[in-house]
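# Coordinates in review
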Amino acid sequence: MHIINYIQNLEFVHPNLFWLFSIIPILIVWYIWKRKKDNASFVVSTAIPFTSQKQTTWWFHIPFVCRILAICLMIIALARPQSALSHKEIDIEGIDIVMALDVSGSMMAMDFRPNRLEACKQVIKSFIENRPTDRIGLVLYSGEAYTKCPLTTDHNTLLNALATSANGQIEDGTAIGDGLGTAINRLRESTAKSKVIILLSDGVNNSGYIDPLSAADLAKEFGMRVYTIGCGSIGEAPYASPYGTFYAKTEIDEQLLANIAQTTNGKYFRAQNKEKLKQVYDEIDKMEKSRISETQFINKTDEFFPFLFIAMGLFLLEFILGQTILKIRP
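Residues numbered from 1 in each chain as written. Predicted model: local features only at pLDDT ≥ 70, side-chain atom pairs only at ≥ 80, totals over all residues. Heavy atoms only, no water.

### Some details on the pattern of salt bridges
Where charged atoms from two side chains of opposite charge approach closely, those side chains can pair. Counted by the stated rule, this structure contains 12 salt bridges. Notably, a salt bridge pairs Asp282 with Lys278, separated by 3.2 Å at the nearest N-O pair. Of this pair, Asp282 and Lys278 both sit in helix α10 (residues 274–287), 4 residues apart, which is roughly one turn of the helix. Residue classification places Asp282 among the partly exposed residues on the basis of a relative accessible area of 31%. A residue is classified by how much of its surface remains accessible, and Lys278, at 40% relative accessible area, is partly exposed. (Salt bridge = Lys/Arg side-chain N within 4 Å of Asp/Glu carboxyl O. Helix = DSSP H or I, 4+ residues; strand = E, 2+ residues; numbered from the N terminus. Buried < 20%, exposed > 50% of the residue type's maximum accessible area, 1.4 Å probe, protein only.)

### Here we look at helix α9 (residues 254–263)
Because each turn of an α-helix spans 3.6 residues, side chains separated by three or four positions in sequence point in the same direction. Buried residues of α9: Leu256, Leu257, Ile260 and Ala261, and no others. Buried residues in α9, looked at end-on, bunch into an arc of 135°, giving them a common side. Counted as exposed and oriented over 90 degrees from the buried face of α9: Gln255 and Gln262. On the buried face of α9, the contacting elements are α7 (176–187), β6 (195–201), α8 (212–221), β7 (224–231) and β10 (267–271). Phi turns positive one or two residues past the end of α9, at Asn265, with a value near 60°. (Arc of directions from axis to C-beta. Contact = heavy atoms within 4.5 Å.)

### Some thoughts on the sheet that holds strand β3 (residues 96–102)
One open sheet holds the 6 strands; their spatial order is β5-β4-β3-β6-β7-β10, and the pairing between them is mixed. Edge positions in the open sheet fall to β5 (145–152) and β10, since each of these has one partner strand only. Looking at each pair of strands side by side, their axes are set apart by 15° on average, direction ignored. Alignment of β6 against β7, held across 7 bridges, turns out to be parallel. Note that in β7 the partner of Leu200 across the bridge is Ile229. (Pairing = 2+ DSSP bridges. Axes fitted to C-alpha atoms, helices over the stretch in contact; angles between N-to-C directions.)

### A few points about unusual backbone geometry
Between Arg113 and Pro114 the backbone carries a cis peptide bond, its omega angle lying at 0°. Residue placement: Pro114 occurs in the loop between β3 and α5 (116–129). One non-glycine residue with positive phi stands out, namely Arg80, at about 60°. A positive phi angle, close to 60°, is found at Asn265, a residue other than glycine. The topology assignment puts Asn265 in the loop between α9 and β10.

### Here we look at the side chain of Thr182
Structurally, Thr182 can be placed in helix α7. With residues up to four places along the chain from it excluded, the contact list for Thr182 reads Val139, Ala145, Tyr146 and Thr147.

### Some words on the environment of Arg188
Within the secondary structure layout, Arg188 lies in the loop between α7 and β6. The spacing of Arg188 and Met224 is 36 residues in sequence and 8.8 Å in space, taken between C-alpha atoms. Of the polar contacts made by the side chain of Arg188, one reaches the side chain of Asn185; its length is 3.2 Å. (Polar contact = N/O pair within 3.5 Å; in protein donor to acceptor, adjacent residues only side chain to side chain.)

### Section: the pairing of strand β8 (residues 235–241)
In this sheet, strand β9 (residues 244–250) lies alongside β8 in antiparallel orientation, the contact comprising 7 bridges. In the strand pairing of β9, Ser241 is matched with Gly244.

### Some details on α5
Here α5 spans 20 Å end to end across 14 residues, near enough to the 20 Å set by a 1.5 Å rise per residue. Arg116, Leu117, Ala119, Cys120, Lys121, Val123, Ile124, Phe127 and Ile128 are the residues of α5 that are buried. Between the side-chain oxygen of the N-cap and the backbone nitrogen of Leu117 there are 3.1 Å, and the N-cap of α5 in question is Asn115. (Expected span 1.5 Å × (residues − 1).)

### Regarding the packing of helix α4 (residues 62–78) against helix α11 (residues 304–323)
It is the contact of α4 with α11, at a shortest axis distance of 8 Å, that shows an interaxial angle of 160°. Taken together, the axis directions place α4 and α11 in an arrangement best described as roughly antiparallel. Note on packing geometry: the crossing formed by α4 with α11 is left-handed. Counted together, Ile62, Pro63, Cys66, Arg67, Leu69, Ala70, Ile71, Leu73, Met74, Ile76 and Ala77 of α4 and Phe304, Phe307, Leu308, Ile310, Ala311, Leu314, Phe315, Leu317, Glu318 and Leu321 of α11 form the full contact between these two elements. By residue class, the composition of the contact of α4 with α11 is 19 nonpolar, no polar and 2 charged. (Parallel < 35°, antiparallel > 145°, perpendicular 65-115°, else oblique. Left-handed = near helix turned anticlockwise from the far one by under 90°. Nonpolar A, V, L, I, M, F, W, Y, C, P; charged D, E, K, R; others polar.)

Structure (structure tokens):
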């Protein structure tokens, strides 16, 4: 088995020389014809004395078999077999991404199942799992903003932080500027060549201390690209209450979100349902691919010597047998 694997892993510098194997059938036919021609015959009155003798002439063919095997090995040696030892160096240039997630009360609307916030968390979870080489952080905002998880490659910790994100943990409202500003602060000292913010909102900026467009200008200055997502339906959306389902007015400041994206050379997306939201994150995933460079080093070693050594041994064995125990005397 080891020999088979060894031969399978060989590469040949001159594989065109394998046509020489076509000589082998010619040599075999010539040998058979010559043996028949050289066989002597004589007439006897009876063959009875010879019938009990075992036919042992097969071992007279051993020198020829040695010669054929030696020629085959010589052809392989001429083709210059080589073994290759290779290794790869992979350089992965990841992307630093901060996701700013709206957790305001309006994210509890049930136009997404089971509600906007839980649907967004499910889609974001898949997005994180598809980007194992990136550092990703999470910022939550409503009436104010805070960092739920800093930039990290420990995606298990990040996913746990995402799973425990909920409405009601901070003051209610929609402070888009504060959410964007906090995300910028997390990316400000990043040395990654690509710095991305994915900001998701389902409302209108109505609180906070930072103007969203001023924050967008700051992101541009730091070389950050902001993708904005308007999440949810516009008009009315169902909400759950202890007294049953009720409908409330919903609106999204699409113009603001589009302006933020345009200022930072990003893109604005609209997601009216969970399936559309998944398509949005898939599109961002395709646009922001990590760059992977691969360098392969190959060290090749000539392996013709074993074949040549065995071939010379077979030629020597043929000569010795032909001159000693298998010598044909006239």
